[in-house]
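Coordinate inspection notes
Here are the chains, one letter per residue:
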Amino acid sequence: MKIEQKKIDEWKAKHGDLYQISVEGKSCLLRRPTRKDISYASVVRDPMQLSETMLKQLWLDGDREILEQDDLFLAVVAKMEEVMKIKEAEIKKI
């Protein structure tokens, strides 16, 4: 996967943090999910379809084989948890 630095800079300006996930020489570039992405995907009940929906929502560029080959897809989905990680809030009783 080759992406011009100019395009990466544009995506960073628009989406913030970007994440590259690689498996067996194939890579994809994802952005962090928004509330809209999570809301859109939340109507999907099947866990595998949910993973596929989120991957497609966050996908910016990459090797299409990741979306087409089960072994590559499953490896990338396993790492998406890190992309979707949210900040930890603190609660204090006053």
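See the structure above.
Note that the structure is a prediction, hence the values are computed from the model and not measured.

**A word on the overall build of the chain**
- Looking only at helices and strands, the chain has five helices and three strands in total.
- From first element to last, N terminus to C terminus, the chain shows the α and β order α-β-β-α-α-β-α-α.
- Across its three principal axes, the chain shows a C-alpha extent of roughly 50 × 35 × 20 Å.
- The buried share of the chain, taken over its 94 residues, is 32%.
- In the chain, the share of contacts with a sequence separation of at least 24, taken over all contacts with a separation of at least 6, comes to 56%.
- For the chain, the computed accessible surface area is about 7,300 Å², with 50% contributed by carbon and sulfur atoms.

**Some remarks on the environment of Y19**
- Within the fold, Y19 resides in strand β1 (residues 18-23).
- Distance in space between the C-alpha atoms of Y19 and Y40 is 21 Å, their sequence separation being 21 residues.
- Beyond its immediate sequence surroundings of up to four residues, Y19 is in contact with C28, L29, L30, R32 and V83.
- Side-chain polar atoms of Y19 contact the side chain of R32, separated by 2.3 Å.

**Regarding the pattern of salt bridges**
- Within the structure shown, the criterion is met by six salt bridges.
- For the salt bridge of D17 with R32, the shortest nitrogen-to-oxygen distance reads 3.6 Å. You can see D17 sitting in the loop between α1 (5-15) and β1 and its partner R32 sitting in the loop between β2 (26-31) and α2 (35-41), a full 15 residues away along the chain.
- For K79, the salt bridge is made with E82, and the minimal N-O distance between the two is 3.8 Å. Taken as a pair, K79 and E82 lie in helix α5 (residues 70-83) at a separation of three residues, close to a single helical turn.

**Notes on the sheet that holds β1**
- If you trace the three strands from one edge of the open sheet to the other, you get β1-β2-β3, paired in antiparallel fashion. The open sheet has two edge strands, β1 and β3 (59-62), and neither has a second partner. Averaged over all pairs of adjacent strands, the angle between their axes in this sheet comes to 20°, without regard to strand direction.
- The pairing of β1 with β2 spans six bridges and is antiparallel. Among the inter-strand pairings, Y19 is bridged to a residue of β2, identified as L30.
- Sheet strands touched by α1: β1, β2 and β3. Its angle to β1, the strand with the most contacts, is close to 125°.
- Together, β1 and β2 form the strand contacts of α5, whose direction differs from that of β1 by roughly 150°.

Parameters and conventions
- Residues numbered from 1 in each chain as written.
- Predicted model: local features only at pLDDT ≥ 70, side-chain atom pairs only at ≥ 80, totals over all residues.
- Heavy atoms only, no water.
- Helix = DSSP H or I, 4+ residues; strand = E, 2+ residues; numbered from the N terminus.
- Buried < 20%, exposed > 50% of the residue type's maximum accessible area, 1.4 Å probe, protein only.
- Contact = heavy atoms within 4.5 Å.
- Areas by Shrake-Rupley, 256 points an atom, 1.4 Å probe, with all protein chains shown as cover.
- Polar contact = N/O pair within 3.5 Å; in protein donor to acceptor, adjacent residues only side chain to side chain.
- Salt bridge = Lys/Arg side-chain N within 4 Å of Asp/Glu carboxyl O.
- Pairing = 2+ DSSP bridges.
- Axes fitted to C-alpha atoms, helices over the stretch in contact; angles between N-to-C directions.

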